[in-house]
Amino acid sequence: MTRQLDSLPPFDPFNADWLRDPFEVVGRELSTDDWCALGPMGTLFVWSYTGVMDLAESEGWHAPSVEETSLGQITSGHAAEFAQNVTSFLEGDRRRRIRTAPAMPLAPAEVERFRSTIATTAARLVSEVDPPFDLVKLCYRLPVEVFASITGAPLSDLEAIASDVEQVAWLWGFDAGQHADEIELALPRLRTFVEGLMDTAEPGSLFPAINNLDLPRPERVWSGVQALIAGWETSTAQAGCLLEVLLRDSDRWDAVLAGKWDVADVVTEALRLRPAVAGFMRVASNDMEWQGLQVPAGTLAFGSAVWASRDAAVFDDPHSFDPNRPDAPLPVWGGGRHRCLGRHLGTIEMVELLQAVVNAHPRWRMTGPVEWTNMRRPRLPVSLVVEAK
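Model, not experiment: these values are computed from the prediction. (Residues numbered from 1 in each chain as written. Predicted model: local features only at pLDDT ≥ 70, side-chain atom pairs only at ≥ 80, totals over all residues. Heavy atoms only, no water.)

Chemist: Tell me about the confidence of the model for the protein, residues and numbers included.
Modeler: The predicted model of the protein averages 88 in pLDDT, with 94% of residues at 70 or higher. Looking at the elements of the protein, mean pLDDT is at its lowest for helix H1 (residues 16-20), recorded as 65, and at its highest for strand E8 (residues 293-295), recorded as 97. (pLDDT = per-residue confidence, 0-100. Helix = DSSP H or I, 4+ residues; strand = E, 2+ residues; numbered from the N terminus.)

Chemist: Provide a residue-level description of the pairing of strand E6 (residues 279-284), including the pertinent values.
Modeler: In terms of residue burial, E6 counts as a mostly covered element, since five of its six residues are buried. Bridging between strand E4 (residues 61-62) and E6 involves two bridges; their strand directions are antiparallel. Bridging from a neighbouring strand, His-62 pairs with Val-283 of E6. Here E6 runs beside strand E9 (residues 300-304); their pairing, made up of five bridges, is antiparallel. Following the sheet pairing, Val-283 is matched in E9 by Leu-300. (Buried < 20%, exposed > 50% of the residue type's maximum accessible area, 1.4 Å probe, protein only. Pairing = 2+ DSSP bridges.)

Chemist: Requested: an account of the packing of helix H7 (residues 115-127) against helix H17 (residues 343-360), with residues and values cited.
Modeler: Where H7 contacts H17, the two axes come as close as 8 Å, and the packing angle between them is 45°. On the basis of the axis angle, H7 is oblique to H17. Crossing geometry of H7 relative to H17 is assigned as right-handed. In contact with Arg-115, Ile-118, Ala-119, Ala-122, Ala-123 and Val-126 of H7, H17 contributes Leu-345, Ile-348, Glu-349, Val-351, Glu-352, Leu-353, Ala-356, Val-357 and Ala-360. Among the residues making up the contact of H7 with H17, the classes are represented as 12 nonpolar, no polar and three charged. (Axes fitted to C-alpha atoms, helices over the stretch in contact; angles between N-to-C directions. Parallel < 35°, antiparallel > 145°, perpendicular 65-115°, else oblique. Left-handed = near helix turned anticlockwise from the far one by under 90°. Contact = heavy atoms within 4.5 Å. Nonpolar A, V, L, I, M, F, W, Y, C, P; charged D, E, K, R; others polar.)

Chemist: So, the sheet that holds strand E10 (residues 364-366): which residues are in play, and what are the values?
Modeler: Strand pairing in a sheet relies on backbone hydrogen bonds. The paired strands run either parallel or antiparallel. Taken in spatial order, the three strands make up an open sheet running E5-E11-E10, and their pairing is antiparallel. Only two strands of the sheet have a single neighbouring strand rather than two, namely strand E5 (133-134) and E10. Across two bridges, E5 lies against strand E11 (residues 385-388) in antiparallel orientation. By the bridge assignment, Asp-134 is partnered in E11 with Val-385.

Chemist: Pulling in residues and values, what's your account of the nonpolar core?
Modeler: Ranked by size, the top nonpolar core spans 95 residues in total, and within it Leu-135, Leu-158, Leu-171 and Leu-228 carry the most contacts. Broken down by element, the residue count for this core peaks at 14 residues, all from helix H13 (residues 217-247). Those residues in contact with Leu-171 that lie beyond four places of it in its chain are Val-66, Thr-69, Ile-74, Ala-79, Phe-82, Phe-89, Ala-176, Ile-183 and Leu-187. Leu-44, Val-52, Met-53 and Phe-315 belong to the second largest nonpolar core, which has 21 residues in total. (Core = buried A, V, L, I, M, F, W, Y, C linked by side-chain atoms within 4.5 Å.)

Chemist: Account for the packing of aromatic side chains, with residues named and values stated.
Modeler: Under the defined criterion, the tally for this structure stands at 12 aromatic pairs. Summarising the aromatic geometry, the rings of Phe-82 and Trp-172 are spaced 6.0 Å apart at their centres and angled 80° between planes, so their arrangement reads as edge-to-face. One end of the pair, Phe-82, is in helix H4 (residues 77-83); the other, Trp-172, is in the loop between helix H10 (162-168) and helix H11 (180-200), and 90 residues separate them in sequence. For Trp-172, a relative accessible area of 34% translates into the label partly exposed. Of the aromatic side chains, those joined through ring pairs into one cluster are Phe-11, Phe-45, Trp-47, Phe-302 and Trp-307. The cationic tip of Arg-272 hangs over the ring face of Phe-315; the distance from NZ or CZ to the ring centre is 5.1 Å. (Phe/Tyr/Trp six-rings, centres within 6.5 Å; stacked < 30°, edge-to-face > 60°. Lys NZ or Arg CZ within 6 Å of the ring centre and 35° of its normal.)

Chemist: Break down the environment of Thr-43 for me, with residues and values.
Modeler: Of note, Thr-43 is situated in the loop between strand E2 (36-38) and strand E3 (44-46). For Thr-43, a relative accessible area of 6% corresponds to the buried category. Sequence-wise, Thr-43 and Asp-214 are 171 residues apart; in three dimensions their C-alpha atoms are separated by 39 Å. Residues within four places of Thr-43 in sequence aside, it is in contact with Ala-37, Leu-38, Leu-300 and Phe-302. Within the structure, the side chain of Thr-43 is placed 2.9 Å from the backbone oxygen of Pro-40, a separation counted as a polar contact. (Polar contact = N/O pair within 3.5 Å; in protein donor to acceptor, adjacent residues only side chain to side chain.)

Chemist: Account for the sheet that holds E8, with residues named and values stated.
Modeler: Read across the sheet, three strands follow the order E1-E8-E7 without closing on themselves; strand pairing throughout is mixed. The sheet is open, and its two edges are formed by strand E1 (3-4) and strand E7 (288-290), each paired on a single side. Where E7 and E8 come together, three bridges link them in antiparallel fashion. By the bridge assignment, Glu-289 is partnered in E8 with Gln-294.

Chemist: So what about unusual backbone geometry? Which residues, and what values?
Modeler: In this chain, Pro-131 is followed by Pro-132 through a cis amide linkage whose omega measures 0°. Relative to the helices and strands, Pro-132 is located in the loop between H7 and E5. Here Met-41, not a glycine, exhibits a phi torsion of approximately 60°, which is positive. Within the secondary structure, Met-41 sits in the loop between E2 and E3. Taking the relative accessible area as the measure of exposure, Met-41 reaches 71% and is therefore exposed.

Below is the structure:
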C-alpha cells in the first residue's frame, strides 16, 4: 500500500538532544517500525541503510542546485558560476563529463603515491602534541599540512585562505543564502589561489594533475576549488570524530595502541560509528512512487549517514565498536553518481594519522564532556582535550 508523506511520523532535526550529540540519540526518537519520517518544510528524513543508499543511487532524485540549497537566494554571481562547473550540483551528461576527468587523479592508485608524505606529516604533528593539549588543533592542522605537501602550496598561503574555505563550504548546506555575501567575496580569492597552484606547483603534485585534465580551463579551476574545500573541511571533522570515538572508551583506546586490530579496520569502524558528514540532500525530480511512498516533485529528502550506519538490519549490534565486522559500503561517502571522489585520499589521511598515534603510543586520557559543532556542517568536537594518564 502506497503511503502519503503526511502519514509519516514527525521528526524535529533541530531538537536540543539531536543537535548536541546525534550519535547518542540514534534510534531513541523514532519507531523501529519506520524507516523514514517527515520533518520541517515537508522534508523527508530517510535513515534505513537500504533507503539511504537507494536515495543516493536512484535516478528519480537529483542533487540540489545552489538555488535550491540557498532557498532561492543565490541565482547568479560567482556562486552560480561555481555550481555550474563542479559535480556536486550537476546531473546528466554535464556531470558525467566533468566528474570522469577529476576521478582519475583521485583514483586509489594515484593517491597511494601520497601515502608516505601523509604519513611523515601525521607523525610530525603527533610528535608535537604535549598534554594537556586540545586535539582539535591537531585535526585542523593535519589536512592543511597534508594539502600543502601534496599540492606544493606554501603553508602560509593556505592558512591565509582558511576563512574563505569555511565560507564557501556553506554552499553545501541549507544555510547558503544566509552566507551569500561572504561566499561571493571568497570564491574569486579561492579561484585565483587555485589557478596559481595549477600554473606553478611541482609536476606530480595534485593541482598540475587536475590542470592537465581534458576539460575547459574554468571547469578545471572550479574542480580544483571543490577539491580544496571538500578535502579540507571534511578531513578536519573526520579526524576529530576518529579520535573522539576511540578516546571516549579507555579500554578501546588501550586496545588500539596495543595493536589488537588492524589500523585500517579501526578507521573503517570509526567512520561508521562517527561519520563527520551527517548525510546528504536530494530533491525529487518528478512525481513518483518510491519505496512505497507517494513523493511529489520537488520534495526535499535527507539521507542520514548517522542512522544508516547503525541500521541493525545491516550491522549486527550496531552501536558497539567492532573493527572485525564484515565490510559494507559506508553511507558517510554517499553513493551512486555523487559518491565522494576524495574518499580514497581521505581514508589514507585517517589511517596514517591513527598509525602515527599508535607508533607514538601516547598515554592520553580525554578530559571533560565533548561538545559538537553545528549539525549543519561536518561534525567536529569543539574541543577534545587530552591529558597524560
